[in-house]
Every structure is written in C-alpha cells, then in structure tokens.
Amino acid sequence: MIKTEKPHPERRLRGVLEELSSGCLRFLTLADKDQHHSSRTRLDRERLKSCMRELENMAQQATALRSQVKRNTMKDKLKLVQNFLQKLRFLADEPQHTIPDVFIWMMSNNKRIAYARIPSKDILYSIVDEEMGKDCAKVKTVFLKHPGKRGFGPAGWTVQAKMEIYLWLGLNKQRKDFLSGLPCGFEEKKVPRGQNLPSFPPISLLYTKKQVFQLRAHMYQARSLFAADSSGLSDPFARVFFISQSQCTEVLNETLCPTWDQLLVFDNVELYGEAHEMRDDPPIIVIEIYDQDTVGKADFMGRTFAKPVVKMSDEQYCPPRFPPQLEYYQIYRGNATAGDLLAAFELLQIGPGGKSDLPPIDGPTDMDRGPILPVPLGIRPVLSRYRVEILFWGLRDLKRVNLAQVDRPRVDIECAGKGVQSALIQNYKKNPNFSTLVKWFEVDLPENELLHPPLNIRVVDCRAFGRYTLVGSHTVSSLRKFIYRPPDKKAQQWNMAGEIVVNMEPEVPIKKMDTMVKLEANSDAVVKVDVTEEEKEKKKKKKGGGEEVEEEEPDESMLDWWSKYFASIETMKEVYNKELEAEFDNFEDWLHTFNLLRGKIGDNDDNATEEERIVGRFKGSMCVYKVPLPDDIAKEAGYDPTFGMFQGIPSNDPINVLVRVYIVRATDLHPADINGKADPYIAIKLGKTDIKDKENYISKQLNPVFGKSFDIEATFPMESMLTVAIYDWDLVGTDDLIGETKIDLENRFYSKHRATCGVSQTYSIHGYNTWRDPMKPSQILSKLCKEGKVDGPHFGPGGRVKVANRVFTGPTEIEDENGQKKPTDEHLALAVLRHWEDIPRAGCHLVPEHVETRPLLNPDKPGIEQGRLEMWVDMFPMDMPAPGPAIDISPRKPKKYELRVIVWNTDEVILEDDDYFTGEKSSDIFVRGWLKGQQEDKQDTDVHYHSLTGEGNFNWRYIFPFDYLMAEEKIVISKKESMFSWDETEYKIPARLTLQVWDADHFSADDFLGAIELDLNRFPRGAKTSKQCSLEMVTNEAELPMISIFKQKRVKGWWPFVARDENDELEITGKVEAELHLLTAEEAEKSPAGLARNEPDPLEKPNRPDTSFIWFLNPLKSIKYLICTRYKWLIIKIVLALLLLIMVALFLYSMPGYMVKKLLGA
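Just so you know, these numbers come straight off a predicted model, no measurement behind them.

K.L.:
Where do I start with the overall build of the chain in this structure?
P.N.:
Of the regular secondary structure elements, the chain holds 19 helices and 53 strands. Within the chain, the proportion of its 1162 residues that are buried is 45%. Of all intrachain contacts in the chain linking residues separated by at least 6 positions in sequence, the fraction that spans at least 24 positions is 66%. When the accessible surface of the chain is summed, it comes to about 63900 Å², and 53% of that surface belongs to carbon and sulfur atoms.

K.L.:
What exactly am I supposed to notice about helix α13 (residues 826-834) here?
P.N.:
Owing to its 3.6 residues per turn, the α-helix brings residues three or four apart onto one side. Burial analysis of α13 places 9 of its 9 residues in the buried class, the great majority of the element. Of all the positions in α13, only Glu-826, His-827, Leu-828, Ala-829, Leu-830, Ala-831, Val-832, Leu-833 and Arg-834 are classed as buried. Contact partners of the buried residues in α13: α12 (777-787), β33 (794-796), β34 (800-803), β35 (806-809) and β36 (813-815).

K.L.:
Teacher, can you tell me more about the side chain of Gln-996 here?
P.N.:
Inspection of the secondary structure puts Gln-996 in strand β48 (residues 992-999). For Gln-996, a relative accessible area of 13% puts it in the buried group. Side-chain polar atoms of Gln-996 contact the side chain of Trp-998, separated by 3.0 Å. The contacts of Gln-996, once residues within four sequence positions are left out, are Phe-926, Val-927, Arg-928, Trp-930, Phe-1008, Gly-1010, Ala-1011 and Phe-1057.

K.L.:
How should the environment of Ala-672 be read in this particular structure?
P.N.:
Here Ala-672 shows up in the loop between β27 (655-667) and β28 (680-686). Distance in space between the C-alpha atoms of Ala-672 and Leu-702 is 9.3 Å, their sequence separation being 30 residues.

K.L.:
Before we go on, may I ask you to explain the nonpolar core in this structure?
P.N.:
The biggest cluster of nonpolar side chains holds 42 residues, and the ones touching the most others in it are Val-659, Val-661, Ile-663, Leu-722, Val-724 and Leu-745. Tallying contributions element by element places β27 first for this core, with 6 residues. Once residues within four sequence positions are removed from consideration, Val-724 is found in contact with Val-661, Ile-663, Ile-682, Ala-683, Ile-684, Gly-739, Glu-740, Thr-741, Leu-856, Leu-869 and Met-871. Counting 41 residues, the second largest nonpolar core, distinct from the first, contains Trp-956, Tyr-958, Ala-991 and Leu-1014.

K.L.:
Quick question: what am I supposed to make of the pattern of salt bridges here?
P.N.:
A side chain with one charge may pair with a side chain of the opposite charge, provided their charged atoms come close. Per the counting criterion, the structure on display carries 52 salt bridges. As a salt-bridge pair, Glu-315 and Arg-279 come within 2.6 Å of each other at their nearest N and O atoms. With Glu-315 in the loop between β13 (309-311) and β14 (327-333) and Arg-279 in helix α4 (residues 275-280), this residue pair connects regions lying 36 residues apart in the sequence. A cluster of three or more residues bridged by salt bridges with shared partners is formed by Arg-396, Asp-397, Arg-617, Lys-619, Asp-744 and Glu-746.

K.L.:
Help me understand a negative patch on the surface in this model?
P.N.:
On the surface, a cluster of negative charge is contributed by Glu-19, Asp-129, Glu-130 and Glu-131. Note that Glu-19 resides in helix α1 (residues 9-34). Glu-19 sits in the exposed class, given a relative accessible area of 61%.

K.L.:
When you look at the environment of Ile-1012 in this model, what are you seeing that I'm missing?
P.N.:
With respect to the secondary-structure elements, Ile-1012 resides in strand β49 (residues 1007-1015). Separated by 59 residues in the primary sequence, Ile-1012 and Lys-1071 place their C-alpha atoms 9.6 Å from one another. If we skip the residues at most four places from it in the chain, Ile-1012 touches Leu-993, Thr-994, Leu-995, Val-1034, Trp-1055, Pro-1056 and Phe-1057.

K.L.:
Even after reading the chapter, I still don't get the UniProt feature "coiled-coil region" (unreviewed entry) in the chain, so can you show me in this structure?
P.N.:
Here the UniProt feature "coiled-coil region" (unreviewed entry) sits at residues 45-72. Within the segment residues 45-72, helix and strand shares are 86% and 0% respectively, and the terminal C-alpha atoms sit 43 Å apart.

K.L.:
How should the packing of α12 against α13 be read in this particular structure?
P.N.:
In a pair of packed helices, the angle between the axes and the distance between the axes together describe the arrangement. Interaxial distance between α12 and α13 falls to 8 Å at its minimum, and their mutual angle equals 45°. Accordingly, the angle class assigned to the pair α12 and α13 is oblique. In this structure, the crossing between α12 and α13 has a hand that is left-handed. Contacts between α12 and α13 involve Pro-777, Ser-778, Ile-780, Leu-781 and Leu-784 on the former and, on the latter, Glu-826, Ala-829, Leu-830, Val-832 and Leu-833. Of the residues belonging to the contact of α12 with α13, the class tally is 8 nonpolar, 1 polar and 1 charged.

K.L.:
Would you explain the side chain of Glu-581 in this entry?
P.N.:
Mapped onto the fold, Glu-581 is located in helix α8 (residues 580-583). When its relative accessible area of 9% is taken as the criterion, Glu-581 is described as buried. One polar contact links Glu-581 to Arg-854, side chain to side chain, over a distance of 3.0 Å. If near-sequence neighbours (up to four positions away) are discounted, Glu-581 is found in contact with Asn-586, Phe-587, Ile-743, Arg-748, Glu-852 and Arg-854.

K.L.:
Which parts of the structure should I look at to understand the pairing of strand β38 (residues 850-858)?
P.N.:
Within β38, 8 of the 9 residues are buried, which leaves it mostly tucked inside the rest of the structure. Across 2 bridges, strand β24 (residues 574-575) lies against β38 in parallel orientation. Directly across from Val-575, in β38, lies its bridge partner Val-851. As consecutive antiparallel partners, β38 and strand β39 (residues 861-877) are separated by 2 residues.

K.L.:
It is not clear to me how the environment of Val-375 should be interpreted in this structure. Could you clarify?
P.N.:
Assignment of secondary structure puts Val-375 in the loop between β15 (336-349) and β16 (383-396). For Val-375, a relative accessible area of 2% puts it in the buried group. Along the backbone, Val-375 and Leu-263 are 112 residues apart, and their C-alpha atoms lie at a distance of 5.1 Å. Those residues in contact with Val-375 that sit more than four places away from it in its chain are His-218, Met-219, Tyr-220, Asp-261, Gln-262, Leu-263 and Arg-380.

K.L.:
Would you mind going over helix α2 (residues 42-68) with me for this structure?
P.N.:
Between its first and last C-alpha, α2 extends 39 Å over 27 residues, near the 39 Å set by a 1.5 Å rise per residue. Its buried side turned inward, α2 meets α1 and α3 (74-92).

K.L.:
Any chance you could explain the packing of aromatic side chains here in plain terms?
P.N.:
Any aromatic ring pair is given by two values, namely how distant the centres are and how the planes are angled relative to each other. Tallying each qualifying case throughout the model produces 37 aromatic pairs. When the ring of Phe-392 is compared with that of Phe-434, the centres are 5.7 Å apart and the planes differ by 65°; the resulting orientation is edge-to-face. One end of the pair, Phe-392, is in strand β16; the other, Phe-434, is in the loop between β18 (418-421) and β19 (438-446), with 42 residues separating them in the sequence. Each of the two residues, Phe-392 as well as Phe-434, counts as buried. Site record: aromatic cluster; members linked through ring pairs are Phe-392, Phe-434, Phe-482, Phe-594 and Phe-618.

K.L.:
Would you mind going over unusual backbone geometry with me for this structure?
P.N.:
Both trends apply: most residues other than glycine have a negative phi, and most peptide bonds are in trans. Note that the residue after Phe-322, namely Pro-323, is joined by a cis bond; omega there is -10°. Mapped onto the fold, Pro-323 is located in the loop between β13 and β14. Even without a glycine there, the phi angle at Asn-109 is positive, about 55°. Here Asn-109 shows up in the loop between β1 (102-108) and β2 (111-118).

K.L.:
Which parts of the structure should I look at to understand the packing of α1 against α2?
P.N.:
Running from N to C, α1 and α2 point in directions that differ by 150°, and their axes come no closer than 9 Å. Classified by the angle their axes make, α1 and α2 are roughly antiparallel. Crossing angle aside, the handedness with which α1 passes α2 is left-handed. Residues Arg-14, Leu-17, Glu-18, Leu-20, Ser-21, Cys-24, Leu-25, Phe-27, Leu-28, Ala-31 and Asp-32 of α1 pack against Leu-48, Cys-51, Met-52, Leu-55, Glu-56, Met-58, Ala-59, Ala-62, Thr-63, Leu-65 and Arg-66 of α2. Split into classes, the residues belonging to the contact of α1 with α2 amount to 15 nonpolar, 2 polar and 5 charged.

K.L.:
What is the right way to look at the confidence of the model for the chain in this model?
P.N.:
For the chain, mean pLDDT is 83; residues scoring 70 or higher make up 87% of the total. Throughout residues 491-497 the model reports pLDDT below 50, and contacts reaching past four residues in sequence, or to other chains, amount to 15 contacts.

What counts and how
- The residue count restarts for each chain, going from 1 along the sequence in the order it is written.
- Restriction of local features to residues with pLDDT of at least 70 applies here, the model being predicted, together with a cutoff of 80 or more for giving and counting side-chain atom pairs; totals for whole chains, interfaces and linings are based on all residues.
- Side-chain descriptors were evaluated using all non-hydrogen atoms of the structure, hydrogens and water having been removed beforehand.
- Working definition: helices are DSSP H or I runs of at least four residues, strands are E runs of at least two. Numbering for both runs from the N terminus.
- The cut-offs for exposure are 20% and 50% of the maximum accessible area for each residue type, with area from a 1.4 Å probe on protein chains only; residues under the lower value are buried, those over the upper are exposed, and the others partly exposed.
- Should any heavy atoms of two residues lie within 4.5 Å, those residues are considered in contact.
- Only the protein chains shown count as cover for residues, and all accessible areas are computed by the Shrake-Rupley method using a 1.4 Å probe.
- Any pair of N or O atoms that falls within 3.5 Å is considered a polar contact. Within protein, one atom must be able to donate a hydrogen and the other to accept it, and sequence-neighbouring residues count only if both atoms are side-chain atoms.
- What we call a nonpolar core is a set of buried Ala, Val, Leu, Ile, Met, Phe, Trp, Tyr and Cys residues that are connected through their side-chain atoms within 4.5 Å.
- What counts as a salt bridge is simple: a side-chain nitrogen of Lys or Arg found within 4 Å of a carboxyl oxygen of Asp or Glu.
- A residue counts toward a patch only above 30% relative accessible area and without a salt bridge, and it is joined to like-charged neighbours within 9 Å or, for Val, Leu, Ile, Met, Phe, Trp and Tyr, to nonpolar neighbours within 5 Å.
- When charges are tallied, Lys and Arg are placed among the positive residues and Asp and Glu among the negative ones, while His and the ends of the chain are skipped.
- A charge is said to be at NZ when it belongs to Lys, at CZ for Arg, at CG for Asp and at CD for Glu.
- UniProt positions are given in the numbering used here, feature names are shortened, and annotations may be inferred rather than shown by experiment.
- Only C-alpha atoms enter the line fits that serve as axes; for helices the fit covers just the stretch in contact. Angles between N-to-C directions range over 0 to 180 degrees.
- In what follows, roughly perpendicular refers to angles from 65 to 115 degrees, roughly parallel to angles under 35, roughly antiparallel to angles over 145, and oblique to any angle outside these ranges.
- If you view the pair so one helix is near and one far, a crossing is left-handed when the near helix is turned anticlockwise from the far one by less than a right angle, and right-handed when it is turned clockwise.
- Amino acids are sorted into nonpolar (Ala, Val, Leu, Ile, Met, Phe, Trp, Tyr, Cys and Pro), charged (Asp, Glu, Lys and Arg) and polar (every other residue, Gly among them).
- If DSSP finds at least two bridges between two strands, the strands pair.
- For a helix, the expected span equals 1.5 Å multiplied by the number of residues minus one.
- Stacked, edge-to-face and tilted are the three classes for Phe, Tyr and Trp ring pairs, Trp counted by its six-membered ring, which pair at centre distances within 6.5 Å; planes under 30 degrees apart are stacked, over 60 edge-to-face, the rest tilted.
- Per residue, pLDDT captures the predictor's confidence, and it can take any value from 0 to 100.

Below, the structure written as structure tokens:
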C-alpha cells in the first residue's frame, strides 16, 4: 500500500478506517434488530452477542486509530489494521456450519471412488458483490481426491479426477440470478411445465457460441526433481492436462534433470463463452511429473499449474507476446517444493480459415526419438558451442553399496546429453585420487545463463564381470559460478598503469585502504595507508563471554600467547567467531566438494534427511567457456594445453603432512551430567590416529580452557578429514560424546588463501610471538610470485620492495635475542603478504594468524549446537624443513599471594545496646573480614566491649592466602562441591575483600551493623583521617581516584561501613582504619607475620578504657540511674497509691467516733 499507492497513502488508510468504523456500527444496528428473533438458538444468540461486543470495540479502536495516522506512523498503524482484518476473518468463520457443505462424489459400480468438498460459504450468493462467496457463479476447476485415510500422505497426492464445475447457492427468491456467471452464448433446455408452476432450473444448456483452440505445450526441461528410485535418480516423464485432454512427454531414464525438448499439441480444444473472457481468463493447465517404473504403476513426483498465453484469431502472432518465453514453474509435492519445470504454453484460436492460419510448427520431427516434435526455434533457447573442462581430483568417504565396499570407482559427467568419463581409480583404499586430472567435452548450451541445463555427476563402481553399480550422484543445478569470463582488457590496463607506492609504519596493524586512487596512464601515484594511533593503543578485545578486558601494557617479559589472545596487544587481530571456512568461502577457490547422494527422498513419514542420503564426496571443479578459447590465454607463457583452464594446479599425489592442532577452549557446552555440568576432555581423530586426552579432563566445567596442542602425522588424501570431539568423562560406564566438529584439511592445504599456517602481523625471531612457519616471509613471497606469474619481488634500497606494479616500504632491521639489530627484508616481505589481495590478477586474501570458533554438533541431536570450540590448525609438508616447536598455549597458572589486613581502629560505629544499669548507649564492637569465595575462612577481631562513642581499638591482623590469575583479574579457588564429589572443581571469582562491623551479644545472635566491599583491583584510596571519610567513597566511586593493591602493594586509610536504612537508602554505620599489605608467596615466606597479635611480627595490644566493671566503681551513679530513669514513674504511682490507701484507712478508722459524736450532740 505504501509502495504502490499514489501519493498520500495515509489519507487512504484514514478512509479505510472510517469505512471500517461505520461498517461496524451498521452491523450493530442490524444485529440489534435481529437479536431477539424467535428462530434463534441460545448458541446463535450468544455468538451474536460476542460478535457485537467485538465489533463495537473495533469501531471504537478504528475511530481512535484514524486520528493517529500520520505519514511517519503509517507503517506501525498498518500492522494494527492488519490485526483488525485477521480478527474480522476469524469472526466471519462460523464455528458451526449453518449451511452444510457441498460434496461431489465420483461413483463407479456404486462404489465411491473420489470426492471433493466445497465450503458452502464460498458459493453463497448475495446481491451485494462484496458479500458474495468467492467461487459463487464462476466456472471452477475442482480436483477429486481419495476418501478416508487414503487421501492423506503421498498416496493421496495424485489427483483422481479433474472437473470443471459451476456452482451457485442462494435464496429461492434470488433464483433468477443463478445463471448470471456462466460464459455467454447458451440456450436453456427446460422441462415443459403446467400453468402457474414455477420454472425450474434447466435440465441442460446448449452452447451456440464456442471457440476452437489449439494448445501448444513447449516442454523444454525440468531440474532438481524428486529422487523416486533407490539409486537416488528417477525416470521422469510429464503428463499435461488441459480441459478434457491429456498427453505425455517421453520417459528419460535415470536423471533428475530431464531435457525433454518436446512440443505437445492439443488439437480442437473447444472452449465456451465470449472471446474476451477466454483471452483474459483462460482455463488452467495441470502438469504432473511421474517416475516410470518397470513394474507397477508410475510414481507421482510433483505437480505444477500454468496459464497459457492466448492468441485470438484476429490478433497477430508477433512480439512482444509471441512467441512465448520459456518460464520456470515451481513443482510441488504435497506442501514441499520438488523442483522446477522450464516450459511455455500458448493457446491459439483456430479461426474460420482453419489450422492453416496458425503459425507453422517449425523444425523437423525428431524421428530418432519416435515421432516427437522438438520445441520450435523461436521458443527454444539460442544455443552456442561451449567447452566444459572437468578437473577430476578425487573421491572421499565413499560408503558401501549393496554391502560391498567401493574399490574401483569412476566418475561420469553429463550435461545436455553430452559428457565425459574420468579415469578409473584402480585401488580406492590405496589412493582415492584420479590419475588423469583434466578432461573436457563440447556441448551446445543456451546463450541465456538462466536457462543452462544442470550438470550431472554420477559415480559408478566397476565390479566383477563388467558390472557397473551406481554409488551416488550429484546435480550441479547452476553452472553460473563455473563460467569463465575473460578479464576486461581496459580494467587490466588501468590496473597495470603506473606504480602504486604503499608507505608502511613498523609493527603496526595496517588498516585497509578506504579510498582507491584513480590512476592516469603512466602516472606515479602514492597511496598512503592510514595508520592510526588508536590501532596501536587498542588494548580492548571482546572476549568470548562478552566482557571487555582492559589491560595496561605490561613488561615485554610478562607477555605470552594469552596476552595476545586476551588483550590483542599489537599482534593478534583475528579471532573469528565463526568457522574459517565461512570467512574464506569454504576454501573452494579452485577445488570444490560435491556431496554424492543416493536413495529415495523420504516423505513426511519416512524422513530420509539429506545428511543420511550422502554416500560420499567428489572433489574436483569445472570450467565452462565458449569455444574457441581467447588467444591471449592460449599464448600465455607456460600454458599447458593438457590442463586447459586449470593452469598451475598442484599434483594430487599422496603427500605426508605434519598437522598441528591447537585447542584453546570450549564455551557453552551442553551439560552431560545430572548436576548440570560436564567433565570435558578432547578426542582427536585423523585417519588411523586416534588421540583421547582422557586423563586431562576438566572437572565440572561448561566453559573449559584446554590450552593444548597435538601433533599428528598424516598422508593426504587418504587421511584428510580431521575430527575434533569433546567427550564427557564418566567414572562409571562409557564416556558420552558432547559434540564434534569436522575439518576438511585437504581443501585448506591446497587453497590459494594459504591456510597451512596463518600469516602473523609481525615478524619476530624470538619471544612469545616467534614466526611459526618454517618458510620465512621472503621465501613465501617468492613462491607466491612464481606461482601467480607475478613480476617480483624486487627488494630495493631504503626499505622498498616492488611486486608487479605495487611498491611497499617498511623497516629493514630486526632485533635478535641479545638486542643486536640486523638488516633484513622479512618485514617488507610480510607487508606484501598482508596486502597480497591488492596485487593485480594473482592476489587473494591470505589467511592471517587466527583463532577460529567452530560449532560442536552431535549426530544424535542433528542441527542443534552443543557448544563452541576455539581452535586453529597448522599444516607443514614433511618434505619441507621441519617447523619449530609448538607454541605454548597452556592455561596460565595462578600465582600464589598473601593478603595481610590489619584492622587498627574503628570510629563512629552506631551504638546498638542500652546499658541495663546506667542506660547509656553502647556497642560491643568486633570486625569480621574475608575474601570473596572463602566465606568459610572468615576471620574475626576480638571484641571491644562497651564502646560509648563508637570508637574501637583492635590492632588485629588477618592473613588471607590466595591464588590469583593476573591476566583475568580473578582469584582461583579449587574445592569439592559436596562430600560425594570425586574431585575438586575450579572456580574463578573476582578478587574482593569484605569487611563487616558487628555488635557482639552474649545470649542472642550478634547484630550486623555495616559492611564495605573492596575490589582489590580498583577501589577508592582510603581517607587520611576519620573526618575525611564519607559516604561518597561508596556512592560516588566513578569520580574518585582508584587504586589496585596489585600495583600499590601497601595501602593504609579510613573506609566507611555502610548499611541500608528503613527507606532502603545507604547510610554510614561506622568507619574503619585498616592497612592492606599484599605479598607474593615467596615474599611472605621471607617475612612471616602472625595472625591476630601473635608472633612473629606481633602487634601491640590496643589501649582500651576499662568500662566493663562500672557497677563496682560508681555505685551511687548506678543507683541514681536506676531510680531516676528506669523506675521513676513506677515509684510515683506507688507513692500516690499508698497515700490514697492511708486516707481511706484513716477515714474508716475515724468515721464511727465522729458519727457517735454527731448523734449524741457532743
């Protein structure tokens, strides 16, 4: 709507919403009248209520939405409007069929053979066009299918019958309209009825107008068809149905890509109705593909539908519509796609002059194939002579055929009826490569590349008595990537013009050139490569887990391979988070791998996945080009006609190779044990070599760091598939496979990208970054120039090297182990290698020093990743000089440290207790400390009793020994998870010191007052005095200067204790003066110190005021406190009560005497 609509689509949407809301309200008024109709059941009434509720709600939403539709909100609102549409469709669908559906049965001998079911709502008539069923009063094609269970699955996909049918369902009062949709030009034949009886529908219709047509079906070819035979191939033929006629193409044996090249002519096809109706809406053509079987009926392989291009007798047979173009039609088998059909269909009206007016059918009848008409010239593709060169390299991993091993295989190549056979491999086990590498054949192919027929690769095994058994086949559906295109002469001249000088800075990662300089002929242009300081200072590299490691540049002697890996310091740039193959196009720069398939493709029930159908792999390549070959290629120096286009390919004789596999680590492994963990170890298989590193399993880890390298000697091509698996170690029973990854080493070894040993970023002859390859950069460069027929390398004075027309500059000195500088060309050669892709013609991107990340898969759980493995592989031919020792990538060992923490004093600790006698606020303070992860080794100071001011004096030393990984800034702890654990589990946790202040209680639990946690790598410097120590040291860490105990070694100061109050806000609950002292294990041994205040190096006792026995020292004060504060009101109450009692007693005592006196008047 947004793309195709004229300007202002938002206005249109507003109009639609307005129409929707008014329509909803109109429905509500109609439904309200109809609601209490006597004929309605309770279900009807409830459903009506539900619809009214929903539509009322929708009307309100539509009105609200209309005001929000603006040009910028158009897309979002359109999605909401589509939700309305879905809801309306849902409401319109009746849950109970009020009108029954229409069933059409095909009977034979009173037996129901096939049926079609037509929903009544689709053929319901209404005088309002929008309310009419979609198939009402239309001639429709209906396919009948098997009833019951036979109608489901592959058996039910074949159509039992096809009918052209016209249906109309409406009210009795609308019956006059029931023929309104029929094609015009008929007379009704009615049953004669008596007077005043309604006229019934006619018993038959007699068409006076009919058009006679000829249908020409140009069946050219099909590709990627369904494999219906156990050989993995089919014997396909096509059956074309049109109206009441059907015809078949010929059967082509054993192919999935048949080229029928056949014209099927349907003569005298009668169609009824007006000519313009025929032209605009011709009947559909059904094409079904079948597999011919020698025994039994043909198997259904797929179906497609097409509409012909119609030419009426008064139209000219000329472009643009005629002759029709070949088109691809998607073939469906059930709901799955099953190939493509390349065909064209034309429907030609036979005019009054008869068939003589029709365009003639060109071309002779092909009598070799029987009386078969080929597709005429105007429609069939224009063909050209092409040569197809095939490189036969070898066969790999061939499975058994009929229980017998494949021993003498051969490859047959076929394309468009022509083909070539490879040499026979005499002994597949000894050497699976072909003796003759390149063969060719010539074939006529269409000029239009899209119409190129597929190329079929078939592998057969030569058995005893001259029998040939099919092993497997592969169809190359598109030859596009194998077509040779001669290089553009102009572009080549432009490339070679002038010299391009590339300035290099020493030992700095090179950024690719962002801009290419346009060169005039014979110009001298200098292209400067941008070298940014940022690259040099880049110290952050995303780690697998996603966290960033920040590291300052350490001392050179501290660096190792892990420094490169984690911190990417000046060297390692490439850590691929995918397979190396994905980065370098599967290393199929000249050697391609084709999977060979055999067996039927499974349908829904018996699913034979593509993986299961693979029976081996064919390695080779092909090159397709028009003949004759361009002269400049043939005249090139060193052109060998036996190799054709495959010049300079290496020999495929067996070669001995040293394969060095480096396994860095695995991440996100699938848990294999009940505890949700795994005990992984590495298993490597290459040919007959099988290494299981079982004794070095890593306990209870899903992200193990292996850091191992393995050397294996192998012979290519027999041993070229490397399998690296991760197993889960089990104490009892067999070990479980977690996942494995397979690497085809052969393609890497022979690739032009030079994947044998990654090119480092710098050349160094000593230290952690030593050059790994036995060949020096200058030797590699000379070899590449020779192989690529490139002029060079020419090393010149002043640090210059010229290769082809590129000039590189760089450093010319190297430092040896003793710091002596020597002249060298290696840096220059390496600069060229790192820019090899910029070299004209021969250039390609060379594989850099890298780590690749490969997914681990388990055959039992296909398609689900079981984890990822970081690794790389180096390969060295054994006939070359031996490589140096493997790089040490073993995991770094944690260093032993000892942290001594002295708690000197506390201040302003909140007072929790009230003194029982004196009532003063006080606290019995002690401090607790531990390193994170070692809570069970927590240490407490002694208690400073009865602190009245929050001040505490301790002079107390904690000692925490720990193992620390400097590179990862983590403490390493090894402990058993539970008493039943077989071995210890290693944990890596941040180095954090926790200090807490507590109030000690004798009879109840101690009260927690506050805490501080210090990250030993970055924590705020302690305040010099207690007064300067504030809450900001915790809340405002970002702005404060941070220190690391691993750099400072010794720190003393005041830090705040904090806790959360009732409002969940942080408040200071005390301050602590502490001293942190970090020593290595060796230093700690030389200068030992005692825990607490013990020997050696004891701390003096704190000077604490003696407040414990205040009751004896000042009894008067205590009594005064007791009376004045605790029991003041109680004493007052008792005194008042006693006075009242005395008064009542005196009253009772004196009352009798007073009464006598009063009575006697005395």
